[in-house]
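Here are the chains, one letter per residue:
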Amino acid sequence: MNKSLISIADLKYNDLEKIFKQILLFKKNKASNRHKGKSVGLLFEKFSTRTRLSFEVAISRLGAYPIYINKSDTQLSRGESIKETAKMFSLYLDALVYRTSKQKHMEDFVNFSDIPVINALSDFEHPTQIISDIFSIKEMKPTENIKKIKILYIGDGNNIANSLCLIAGILDLNLIICCPKGYEPDSKILKSVKNKIKITHNPQLAIKNVDIVYTDIWTSMGMEGEEKRRLKDFKKFQVNSELIQGAKKDHIFLHCLPAHIGEEVSKEIIESKNSAVYLQAENKIYTAMAIIDHCLS
Ligand code: CP
Ligand code: NVA
């Protein structure tokens, strides 16, 4: 059985605690040669700036060799099966970092691979992003009990929201999801975390006294056909100077990026002193190192 990470649900409380410790160590020490001689593939079917770069840098800093694979350059794009491709990858690589439009493709890769597969974003989850973001919250609030920090996610119940709900279930986080009706996170995920997460549709009430305000784009990659409708449905869910008045004064604003400024967030909020979006982006490197290390160990 290889140690893949395609969902936050693949991890237990203790795994997460170990990964958070490891992220901190990698952040202090920057490099390690512990995976020298290994090769890690990065198969991307969708655009990426941060995840691709942070994983490539992370793999190099671990002494391993990153190999970027554009799907359209492979025989996958000419009809070779995932089964055959996964077998080939298992012969050449030690692990695969995979960004795909379908979680089902991710599961197929895992089923046919002998090497660990790491989800670098799918339509359903973005687990490495959320592990990194929780680390960032812990880093910015080192003396606070993470369970007591009030976290609001406002926007689409998408891949980011799904992974956030799952991690909230494992770490017992105080998470509120505020979204328009019909845009809730996956119902099976909500059920799996025993409906512990508060769901609301009223931004003004949801933001009252929260410590963390997290948002993401309203139209994720692959959903561009719904953009017009979504712009209308999400209009009241923008994080702007007026809405943010309800949050605690020392709140932290998070966004996984890329942002659509003027849609889910206004310019003054993303550029404000409360915004931690660059810290989030930086921590993706150390998180990628810790996750590669977890999966290869
Ligand atoms: N946050 C994130 O995953 O960004 P990229 O799409 O640029 O990788
Ligand atoms: N929800 C966004 C996240 C991008 C990092 C998307 O899937 O496009």
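Look a little higher up for the structure.
Right, let's walk through the structure included here.

Here is what the cut-offs are and how they apply
Residues numbered from 1 in each chain as written. Chains lettered and ligands numbered in written order. Predicted model: local features only at pLDDT ≥ 70, side-chain atom pairs only at ≥ 80, totals over all residues. Heavy atoms only, no water. Buried < 20%, exposed > 50% of the residue type's maximum accessible area, 1.4 Å probe, protein only. Helix = DSSP H or I, 4+ residues; strand = E, 2+ residues; numbered from the N terminus. Arc of directions from axis to C-beta. Contact = heavy atoms within 4.5 Å. Near = heavy atom within 4 Å. Polar contact = N/O pair within 3.5 Å; in protein donor to acceptor, adjacent residues only side chain to side chain. Areas by Shrake-Rupley, 256 points an atom, 1.4 Å probe, with all protein chains shown as cover. Salt bridge = Lys/Arg side-chain N within 4 Å of Asp/Glu carboxyl O. Pairing = 2+ DSSP bridges. Axes fitted to C-alpha atoms, helices over the stretch in contact; angles between N-to-C directions.

Right, let's get into helix 3 (residues 82–92). Those residues of helix 3 that sit buried are I82, T85, A86, F89 and S90. In an axial view of helix 3, the angular spread of the buried residues amounts to 140°, which keeps them on one side of the axis. Pointing more than 90 degrees away from the buried face of helix 3 are the exposed residues L91 and Y92. Where helix 3 is buried, its residues touch strand 1 (39–44), strand 2 (65–70), strand 3 (95–99) and helix 4 (103–112).

The subject of this paragraph is the site of ligand 1. All residues in the neighbourhood of ligand 1 are listed as S48, T49, R50, T51, R99, H126, Q129, C256, L257 and K284. Between an oxygen atom of ligand 1 and a main-chain N or O atom of T49, the distance comes to 2.7 Å. Within the side chain of R99, an N or O atom sits 2.9 Å from an oxygen atom of ligand 1. Surface burial for ligand 1 is 95%, taken as the share of its 250 Å² of free accessible area covered by protein chains.

Before going further, it helps to spend a moment on the pattern of salt bridges. Enumeration according to the criterion identifies 14 salt bridges in this entry. With a shortest N-O distance of 3.9 Å, E45 and K71 are connected by a salt bridge. Of this pair, E45 sits in the loop between strand 1 and helix 2 (50–61) while K71 sits in the loop between strand 2 and helix 3, placing them 26 residues apart in sequence. Residue K71 is classed as partly exposed on the basis of its relative accessible area of 24%. Among the ionic pairs, D108 bridges to K104, the shortest N-O distance being 2.9 Å. Note that D108 and K104 are positioned in helix 4 at a spacing of four residues, about one turn of the helix.

An order of 7-6-5-8-9 is seen for the five strands of this open sheet, with the pairing classed as parallel. For this open sheet the edge positions go to strand 7 (198–200) and strand 9 (252–255), each flanked by a neighbour on one side alone. Neighbour-to-neighbour, the strand axes of this sheet turn through a mean angle of 20°, independent of strand direction. Pairing of strand 8 (residues 212–215) with strand 9 involves four bridges; the strand directions are parallel. Each residue of the ladder has a partner; that of V213, found in strand 9, is F253. Set on the sheet, helix 5 (residues 127–140) makes contact with strand 5 (150–154), strand 8 and strand 9; between it and strand 8 the angle comes to about 160°.

A word on the sheet that holds strand 2. Read across the sheet, four strands follow the order 2-1-3-4 without closing on themselves; strand pairing throughout is parallel. Across the chains shown, the open sheet's two edge strands, defined by having one partner strand only, are strand 2 and strand 4 (117–119). When strand polarity is set aside, the average angle formed by the axes of neighbouring strands in this sheet is 20°. In this sheet, strand 3 lies alongside strand 1 in parallel orientation, the contact comprising five bridges. Within strand 3, the residue paired with V40 across the bridge is A95. Where helix 4 meets the sheet, it contacts strand 1, strand 3 and strand 4, and its direction lies at approximately 165° from that of strand 4.

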